[in-house]
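What follows is the residue order along each chain.
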Amino acid sequence: MQFSYALGLARQLVLAVTAVAVIEIPVAHLLLSRWSTVVAVVITALSATFIGYVVVDWAAAVRRPITLDSGTLTLRRGLRRPVEVPVARIVAVRSVPSSDGLTKEALRTLYAGEANALVEVEDGSAHAVALDDPAAFVQALEAVIGPAHEGLESQA
């Protein structure tokens, strides 16, 4: 199963930052070049590189969804390294209204925006995620972890 996390706020944020940068970078370059050509070139190159990274990171977020398959939940965040959580180690999953009430221990596996789902792991850690459809994510994960926990309870 795949779960998207890059359609809402992230797209709007990337488009807004890119639109502002298209106007700001040339203006800043012209103003800085009156003072120092070297500084203008360095700042322009760094700004263009940053905007390029933001666009490529968002494109990666669109193409690299969070996945649940073969006993592993893979949490992705654009170009960053994915976090793999074995389903057998997941204690609970629930919807959360925002990132505000989360504990300091909750790892924020967020691309952009507020957390809307929390995956609790047996070692006491938790992963906060921001998904496009958190209800479907919670329902799918509960369906998978329910039978796994029932099997563990019957063995005890």
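Residues numbered from 1 in each chain as written. Predicted model: local features only at pLDDT ≥ 70, side-chain atom pairs only at ≥ 80, totals over all residues. Heavy atoms only, no water.

Enquirer: How would you sum up the overall build of the chain? Please name residues and give values.
Expert: Counting its regular elements, the chain contains three helices and eight strands. Counting from the amino terminus, helix and strand elements in the chain follow one another as β-α-α-β-β-β-β-β-β-β-α. Relative to its full complement of 156 residues, the chain shows a buried share of 35%. Taking the contacts inside the chain whose residues are at least 6 apart along the sequence as the reference set, 50% of them involve residues at least 24 apart. Carbon and sulfur atoms make up 62% of the accessible area of the chain, which amounts to about 9200 Å² in all. (Helix = DSSP H or I, 4+ residues; strand = E, 2+ residues; numbered from the N terminus. Buried < 20%, exposed > 50% of the residue type's maximum accessible area, 1.4 Å probe, protein only. Contact = heavy atoms within 4.5 Å. Areas by Shrake-Rupley, 256 points an atom, 1.4 Å probe, with all protein chains shown as cover.)

Enquirer: Tell me about the environment of R89, and please be specific about residues and values.
Expert: With respect to the helices and strands, the residue R89 is situated in the loop between β4 (80-86) and β5 (90-95). With near-sequence residues (within four places) excluded, R89 lies in contact with E120, V121, E122 and D123.

Enquirer: Kindly report on unusual backbone geometry, identifying the contributing residues and their values.
Expert: With a phi close to 40°, S70 is a non-glycine residue in the positive phi region. By secondary structure assignment, the location of S70 is in the loop between β2 (66-69) and β3 (72-77).

Enquirer: Go over the pairing of strand β8 (residues 126-129) with me, naming the residues and quoting the values.
Expert: A two-sided burial pattern is seen for β8, the buried positions comprising A126 and A128 on one face and H127 and V129 on the other. Pairing between strand β7 (residues 117-121) and β8: four bridges, direction antiparallel. Looking across to β8, one finds that E120 is bridged to A126. What sits between β7 and β8 in their antiparallel hairpin is a turn of four residues, with G124 showing a positive phi close to 95°. (Pairing = 2+ DSSP bridges.)

Enquirer: Can you tell me about helix α2 (residues 37-63), naming the residues and giving the values?
Expert: Helix length check: α2 (27 residues) gives 39 Å between terminal C-alpha atoms against 39 Å at 1.5 Å per residue, within 8%. For α2, the set of buried residues is A40, I51, V54, D57, A60 and A61. (Expected span 1.5 Å × (residues − 1).)

Enquirer: Go over the pattern of salt bridges, please, and point to the residues and values.
Expert: The tally for this structure, following the rule as stated, stands at four salt bridges. The partner of R80 in a salt bridge is D57, with the nearest N and O atoms 3.0 Å apart. Of the two residues, R80 sits in strand β4 while D57 sits in helix α2, which places them 23 residues apart along the sequence. Residue D57 is classed as buried on the basis of its relative accessible area of 4%. For the salt bridge of R89 with D123, the shortest nitrogen-to-oxygen distance reads 3.2 Å. Of this pair, R89 sits in the loop between β4 and β5 while D123 is found in the loop between β7 and β8, placing the two residues 34 residues apart along the sequence. A residue is classified by how much of its surface remains accessible, and R89, at 32% relative accessible area, is partly exposed. A cluster of three or more residues bridged by salt bridges with shared partners is formed by R89, E122 and D123. (Salt bridge = Lys/Arg side-chain N within 4 Å of Asp/Glu carboxyl O.)

None of this, on its own, says anything about what the molecule does.
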